[in-house]
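What follows is the residue order along each chain.
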Amino acid sequence: MSPVLLLILLPITSGVLISLFRGKTSGSLARTISLILHFAMVAIAVSSFVQLGKAPVNSDGVAFSFTRDWVPSLGIQFYFGFDSVNAPLVLMSTIVCFAAVCCSEKIKDREATYYSLLSFMSAGVVGAFCSFDIFSFYFFHELALVPTFILIGGWGAGPQRKYATYKITLYLTGGALVALLGIVLLYINSNAETFNMFSILAAVAESPLSESTQNMIFPLLLFGFGVLVSLWPFHTWAPLGYGHAPTGVAMIHAGALKKFGLYGLLRVAIPALPLGSQNWVAVMTLLCTGNLILIGFAAMRQKQLHMLIGFSSVAHMGFVFMGLAAYNIIGITGALLIMVAHGFLAALSFGLAGSLRDFHPDLEMTKMGGLLKQAPFLGFGLAVAFLAGCGVPGFANFAGEVLIFFGSWTELPKPYVILAIWSGLIIGGVYMLRAIRKVLHGSVNEKWKNLEDVKGMQKVAFSLLILALVIFGVAPGSITTPAQAPLTKLVDQVDSQREKNIVFHQKSDPSNQNQTLVTSLDQ
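Residues numbered from 1 in each chain as written. Predicted model: local features only at pLDDT ≥ 70, side-chain atom pairs only at ≥ 80, totals over all residues. Heavy atoms only, no water.

Participant: Sorry, what's going on with the overall build of the chain here?
Facilitator: In terms of regular secondary structure, the chain is built from 22 helices and 2 strands. Compactness check: the chain gives a C-alpha radius of gyration of 23 Å against a globular reference of 24 Å for 523 residues, within 12% of the reference. With respect to the three principal axes, the spread of C-alpha positions in the chain is 90 × 50 × 45 Å. Evaluated residue by residue, the chain yields a buried proportion of 60% over its 523 residues. In the chain, once contacts between residues fewer than 6 apart in sequence are set aside, the share between residues at least 24 apart is 82%. Carbon and sulfur atoms make up 65% of the accessible area of the chain, which totals about 19800 Å². Taking the average place of the 31 positive charges on the side chains of the chain and the average place of its 24 negative ones, the gap between the two points comes to 14 Å. (Helix = DSSP H or I, 4+ residues; strand = E, 2+ residues; numbered from the N terminus. Rg over C-alpha atoms; globule rule 2.2 N^0.38 Å. Buried < 20%, exposed > 50% of the residue type's maximum accessible area, 1.4 Å probe, protein only. Contact = heavy atoms within 4.5 Å. Areas by Shrake-Rupley, 256 points an atom, 1.4 Å probe, with all protein chains shown as cover. Lys, Arg positive; Asp, Glu negative; His and termini not counted. Charge placed at Lys NZ, Arg CZ, Asp CG, Glu CD.)

Participant: Just checking my understanding: could you explain the pattern of salt bridges for this structure?
Facilitator: A side chain with one charge can pair with a side chain of the opposite charge if their charged atoms come near. All chains considered together, the criterion is met by 2 salt bridges. The partner of arginine 267 in a salt bridge is aspartate 83, with the nearest N and O atoms 2.8 Å apart. Highlighted residues: arginine 267 in helix 11 (residues 259–272) and aspartate 83 in the loop between strand 2 (76–82) and helix 3 (86–102), separated in sequence by 184 residues. When its relative accessible area of 5% is taken as the criterion, aspartate 83 is described as buried. (Salt bridge = Lys/Arg side-chain N within 4 Å of Asp/Glu carboxyl O.)

Participant: Looking at this model, I keep getting lost on a nonpolar patch on the surface. Mind explaining?
Facilitator: Together, Phe297, Leu419, Trp422, Leu425, Ile426 and Val430 give the surface a local cluster of nonpolar side chains, amounting to about 520 Å² of exposed area. For the nonpolar patch, the element with the highest residue contribution is helix 19 (residues 414–440), accounting for 5 residues. Positionally, valine 430 belongs in helix 19. (Patch = residues over 30% accessible without salt bridge, like charges linked within 9 Å, V, L, I, M, F, W, Y side chains within 5 Å.)

Participant: What am I meant to see in the pairing of strand 2 here?
Facilitator: Each regular strand shows side chains that alternate between the opposite faces of the sheet. Most of strand 2 sits out of view: 6 of its 7 residues are buried. Pairing between strand 1 (residues 63–71) and strand 2: 6 bridges, direction antiparallel. Each bridged residue has a counterpart across the sheet, and for arginine 68 the counterpart in strand 2 is phenylalanine 78. Taking the residues that link successive antiparallel strands as the turn, the strand 1-strand 2 hairpin has 4 residues, and the phi of glycine 75 there is positive, at about 75°. (Pairing = 2+ DSSP bridges.)

Participant: Any chance you could explain the environment of leucine 403 here in plain terms?
Facilitator: Considering the arrangement of structural elements, one finds leucine 403 in helix 18 (residues 396–409). Using a relative accessible area of 26% as the deciding quantity, one classes leucine 403 as partly exposed. Separated by 70 residues in sequence, leucine 403 and threonine 333 have C-alpha atoms that sit 7.2 Å apart. For leucine 403, the residues in contact, after removing those within four places along its chain, are Ile330, Gly331, Thr333, Gly334, Leu337 and Thr480.

Participant: How should I be thinking about the side chain of histidine 244 in this particular structure?
Facilitator: Note that histidine 244 resides in helix 9 (residues 237–244). The exposure class of histidine 244 is buried, given its relative accessible area of 6%. Reaching out from histidine 244, the side chain makes a polar contact with the backbone oxygen of leucine 240 at a distance of 2.9 Å. Look past the residues within four positions of histidine 244 in its chain and what remains in contact with it is Ile152, Gly156, Ala157, Gly158, Pro159, Gln160, Arg161 and Ala164. (Polar contact = N/O pair within 3.5 Å; in protein donor to acceptor, adjacent residues only side chain to side chain.)

Participant: Looking at this structure, how should I read the confidence of the model for the chain?
Facilitator: Interpreting fine coordinate detail is not advised for predicted regions of low pLDDT. The pLDDT averaged across the chain works out to 84; a share of 93% of its residues lies at or above 70. Considering each helix and strand of the chain separately, the mean pLDDT is smallest for helix 22 (residues 510–522), with a value of 43, and largest for helix 3, with 92. Between residues 512–523, whose pLDDT stays under 50, and residues either more than four places distant or in other chains, the model counts 3 contacts. (pLDDT = per-residue confidence, 0-100.)

Participant: Just checking my understanding: could you explain helix 19 for this structure?
Facilitator: Working note: α-helix, 3.6 residues per turn, so residues spaced by three or four point in the same direction. Here helix 19 contains 27 residues, and its C-alpha end-to-end distance of 37 Å stays within 8% of the 39 Å for a straight helix at 1.5 Å per residue. Residue serine 423 marks the point of greatest curvature in helix 19, where the axis turns by about 35°. Directly beyond the C-terminal end of helix 19, a positive phi value near 90° is found at glycine 442. (Expected span 1.5 Å × (residues − 1). Bend = angle between axes of the 7 residues up to and from the residue.)

Right, dumping it as structure tokens:
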């Protein structure tokens with residue numbers, strides 16, 4: 001059996017098993033089943049990632065592929081596999097999902113139902129990133145999204161839990177519907193008669209869509225996916241939703257599921273609609289600057305730890321959008337690396353904040369202090385998360401940000417790039433270092449006296465996330481080097497169509513033709 005298929009079937013099996021025996025299954029047994037099967041997912045993902053370079057590939061360059069027709073009349077199929085673009089995201093997702101299960105031990109109410117829904121959420125995340133059929137890609141995202149709403153409403157915490165549930169449901173459902181409309185229009189206008197990602201890209205490369213059609217479809221995908229990624233100004237659902245979500249749910253959504261929209265723009269929207277994306281580059285640049293600057297300032301004003309982490313997570317999405325707006329090989333390679341790095345960072349940050357919630361339900365940072373003395377490992381983990389969020393060298397975030405800055409410098413207006421660099425160095429540094437001072441240093445708060453340091457599976461989860469941040473920070477080439485070939489192919493397709501469009505407009509411009517004639521006569 002294909003290891004990619006196993007990655008999807010294992011969490012589904014976990015969810016079904018726990019659901020079938022829900023009345024008879026104790027909470028500890030449900031947790032054990034979920035832990036074992038999610039750990040198996042991590043083992044399979046690591047093994048597949050290591051073997052990817054040596055594994056045989058099909059004509060699309062996909063390894064470990066699995067295909068089955070789903071709705072043949074519409075060209076919809078299950079097409080799963082690994083290439084060097086989605087494999088790092090799948091690896092990150094499995095680690096984040098395993099860590100989320102490890103950090104859910106405080107759930108004591110309706111445990112079997114909780115772990116069953118969390119398993120289906122994991123299946124949706126992994127299935128989306130493994131899919132090379134755009135409809136299946138969307139379907140698995142929705143499979144993960146529905147349990148998210150239920151889990152926040154049923155197991156969330158905080159005074160605005162219901163409001164947060166309604167808000168995140170409305171925003172993400174609306175964004176998903178807009179993205180679906182864009183996907184359907186792309187399918188119809190491409191004349192590929194299939195939702196196969198590679199077939200659609202090949203069809204539009206051979207017979208490009210008109211510029212007016214691209215200008216109609218691309219904003220649907222940009223804003224549809226953008227809402228799902230918390231692109232400014234459609235971001236307000238994210239800090240509120242994560243702040244009231246159960247720890248494990250916040251880890252999976254902020255860490256893994258949130259990358260769905262970015263991945264869709266990277267692999268589908270921009271390569272299939274290069275002229276449309278080019279005409280919207282100015283808007284993309286402006287909006288991503290809003291994420292970096294305005295959301296960064298909002299993060300500086302936060303007094304609660306979980307809200308600070310939520311706004312910081314939203315701000316970091318601006319870096320990825322900047323790399324996508326540049327869409328050269330350096331920029332999108334950096335975008336891919338940050339997508340992976342941010343997944344580990346967001347999961348680590350929300351997991352650690354969740355560990356403190358029992359002792360500080362409101363997570364008010366001004367009431368904290370001395371955490372490093374009372375709980376050294378917990379404090380160390382938060383220090384790592386804060387420093388990685390600042391873009392300190394040695395962590396994967398730094399490598400991705402540097403690539404994006406270099407890639408954007410030649411493609412985007414330099415004032416915007418300078419603002420992005422300033423926001424990353426100054427604004428991010430201010431709110432992260434301020435959090436380190438308030439939470440980790442100073443005298444030990446009285447509420448910390450009964451605080452125990454993390455241990456057991458929680459400690460395993462946090463150690464795994466920290467290790468991943470360091471490994472991909474020290475050796476980012478393990479992601480960026482294998483990804484060069486498929487990413488270069490995407491960039492070449494975009495550049496080719498844009499250059500053809502420039503030549504066409506030059507030939508059709510009478511003033512340009514007259515200038516050419518005058519030049520030839522002078523010669």
